[in-house]
Amino acid sequence: KHIDLPLVLNLSSLYHALLRGIIPFPARPKEPLDEFVSRAEKLGTKEREAVKVKDRLMREKQFNRKVEINAELRALRQEIDELKR
């Protein structure tokens, strides 16, 4: 599959355009590239952590512990939603 490169004036702009195309959520208005990439890394970390917490929730037998783990999972999902915005 052939994809045309974005039309830019310098390599820095090309790098920015390519990274913005790779990361699966949009950048915030006037967000510097380094903050955008940092936010994408944090998002990946939080998503992996949420998967681990969800697995822990499924394995847990005691109701009171499930409630605590579920609250932790909700907090993680809220952080993930904030990072995606």
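The coordinates are above.
Sequence positions are assigned chain by chain, starting from 1 and proceeding in written order. Local features in this predicted model are restricted to residues whose pLDDT is 70 or higher, and side-chain atom pairs enter the listing and the counts only when it is 80 or higher, whereas totals over whole chains, interfaces and linings include all residues. Processing note: side-chain calculations cover all non-hydrogen atoms of the structure and skip hydrogens and water entirely.

Overview of unusual backbone geometry
Move 1: The backbone of K30 shows a phi angle near 60°, a positive value even though the residue is not glycine.
Move 2: Examined against the element boundaries, K30 turns out to sit in the loop between helix 1 (11–22) and helix 2 (33–59).
Move 3: Here the term buried applies to any residue with accessible area under 20% of the maximum for its type, exposed to any over 50%, and partly exposed to those in between, with areas from a 1.4 Å probe on protein chains only. For K30, a relative accessible area of 87% corresponds to the exposed category. Each helix is a run of H or I in the DSSP string that is no shorter than four residues. Each strand is a run of E no shorter than two, and both are numbered from the N terminus.

So, helix 3 (residues 63–84)
Quick reminder: α-helices carry 3.6 residues per turn. Residues three or four places apart thus point the same way.
Move 1: In this analysis, the expected span of each helix is defined as 1.5 Å times one less than the number of residues it contains. For helix 3, which comprises 22 residues, the first-to-last C-alpha distance of 31 Å matches the rise-based estimate of 32 Å (1.5 Å per residue) to within 8%.
Move 2: Of the residues making up helix 3, those classed as buried are I69, L73, L76, I80 and L83. Viewed along the axis of helix 3, the buried residues span an arc of 75°, placing them on a single side of the element. Exposed residues pointing more than 90 degrees away from the buried face of helix 3 are listed as F63, E68 and R74. Within this analysis, the arc is defined by the directions that extend from the helix axis to the C-beta atoms.

A word on the environment of R77
Move 1: Looking at where R77 falls in the secondary structure, it is placed in helix 3.
Move 2: Once the C-alpha coordinates of R77 and R65 are considered, the two residues, 12 residues apart in sequence, prove to be 18 Å apart.

As for the nonpolar core
Move 1: Remark: nonpolar core denotes a set of buried residues (Ala, Val, Leu, Ile, Met, Phe, Trp, Tyr, Cys) joined through side-chain atoms within 4.5 Å. Core analysis: the biggest nonpolar cluster contains 15 residues, and I23, F25, F36, L43, A50, V53 and L73 have the highest contact counts within it.
Move 2: When residues of this core are traced back to their parent elements, those giving at least two are helix 2 and helix 3.
Move 3: When residues of this core are assigned to their parent elements, the largest contribution, seven residues, is made by helix 2.
Move 4: With residues near it in sequence (within four places) discarded, F36 still touches L19, R20, I23, F25, P26, A27 and E31. In this description, contact between two residues means that some pair of their heavy atoms is separated by no more than 4.5 Å.

Focus: the packing of aromatic side chains
Move 1: Pairing of aromatic side chains requires ring centres within 6.5 Å, counting the rings of Phe and Tyr and the six-membered ring of Trp. Pairs whose planes differ by under 30 degrees are stacked, by over 60 edge-to-face, and all others tilted. Considering all chains together, one arrives at one aromatic pair under this definition.
Move 2: Judged by centre distance (5.7 Å) and plane angle (70°), the ring pair of F25 and F36 falls under edge-to-face. One end of the pair, F25, is in the loop between helix 1 and helix 2; the other, F36, is in helix 2, and 11 residues separate them in sequence.
Move 3: Residue classification places F25 among the buried residues on the basis of a relative accessible area of 9%.
Move 4: Relative accessible area serves as the criterion here: at 1%, F36 is assigned to the buried category.

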